[in-house]
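# Fold and geometry: a report
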Amino acid sequence: MSRTRRTTQFSGEILNKIQIKLPALSVNESMARAAVAAFVSQLDPGVTEIADIKCAVSEAVTNAIVHGYRDTPETGSIAITVSILSGRAVKIEIKDKGCGIPDVGQARQPLYTTDAAGERSGMGFTVMESFTDALKVTSKVGKGTTVTMWKKLSERGRI
Ligand SMILES: Nc1ncnc2c1ncn2[C@@H]1O[C@H](COP(=O)(O)OP(=O)(O)O)[C@@H](O)[C@H]1O
Ligand SMILES: [Mg+2]
């Protein structure tokens, strides 16, 4: 199941692209976030824009680690693909091969969480959605989840 919002404007040509594959360990979360930010910095983004991207990546990577691989901790991997698109747009794909999400529409609702320990706020997808321009979530139970985010950077940067 997937839901897409305003993705048509992001069909620009791919100008540059990196792929990172990393073990789904919580120690790697900050590295993933920093690596994406470092790559995007070639566009000279504004301070707020880079903070938004870091936050959104952080939520997606944390989800892959704590939810995707909850049944198989410390064995999974996460694949991150970052593309610079023409028109100062960035596409970030975060993919796990974990347990998958049975109902993506429900999972995307604010405050929805399956965390029984009370440590999670259920706001991860809401944060990803509000800090980017478009969010697509595709998932298959037993196969994994792919989160794709698009963000258009301002022309002037430094905003
Ligand atoms: N990569 C994933 N794999 C499996 N389930 C996920 C994944 N990402 C999110 N989910 C499910 O969606 C729910 C909502 O995610 P989120 O909005 O980030 O809230 P939280 O992480 O605080 O629970 C999670 O509780 C979990 O059940
Ligand atoms: Mg979360």
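Owing to the predicted nature of the structure, the values given are computational and were not obtained by experimental measurement.

Procedures and definitions
- Residues numbered from 1 in each chain as written.
- Chains lettered and ligands numbered in written order.
- Predicted model: local features only at pLDDT ≥ 70, side-chain atom pairs only at ≥ 80, totals over all residues.
- Helix = DSSP H or I, 4+ residues; strand = E, 2+ residues; numbered from the N terminus.
- Buried ≥ 20, exposed ≤ 12 C-beta atoms within 10 Å, placed from the backbone.
- Contact = placed C-beta atoms within 7 Å.
- Near = placed C-beta within 6 Å.
- Nonpolar A, V, L, I, M, F, W, Y, C, P; charged D, E, K, R; others polar.
- Pairing = 2+ DSSP bridges.
- Axes fitted to C-alpha atoms, helices over the stretch in contact; angles between N-to-C directions.

A few words on the environment of Val 57. Among the secondary structure elements, Val 57 is positioned in helix α2 (residues 47-68). With 27 C-beta atoms counted inside 10 Å, the residue Val 57 sits in the buried group. Sequence-wise, Val 57 and Met 123 are 66 residues apart; in three dimensions their C-alpha atoms are separated by 14 Å. If sequence neighbours within four positions are ignored, Val 57 has contacts with Ala 32, Arg 33, Val 36 and Ile 92.

A few words now on the site of ligand 1. As a structural note, the neighbourhood of ligand 1 is formed by 22 residues, with Asn 63, Thr 113, Thr 114, Arg 120 and Gly 124 the closest of them. Mapped onto the shell around ligand 1, the elements with two or more residues apiece are α2 and α4 (124-131). Class assignment for the residues of the shell around ligand 1 results in seven nonpolar, 11 polar and four charged.

Before going further, it helps to spend a moment on the sheet that holds strand β2 (residues 77-85). Here five strands make up an open sheet; going across it, the order is β1-β2-β3-β5-β4 and the pairing antiparallel. Either end of the sheet is taken by a strand with one partner, and the two such strands are β1 (14-23) and β4 (134-140). Averaged over all pairs of adjacent strands, the angle between strand axes in this sheet comes to 10 degrees, irrespective of strand direction. Pairing of β2 with strand β3 (residues 89-96), which is carried by eight bridges, proceeds in the antiparallel orientation. When the sheet's bridge partners are listed, Val 82 is paired in β3 with Ile 92. Across the sheet, helix α1 (residues 29-40) lies against β1, β2 and β3, angled at about 15 degrees from β2, the strand it touches most.

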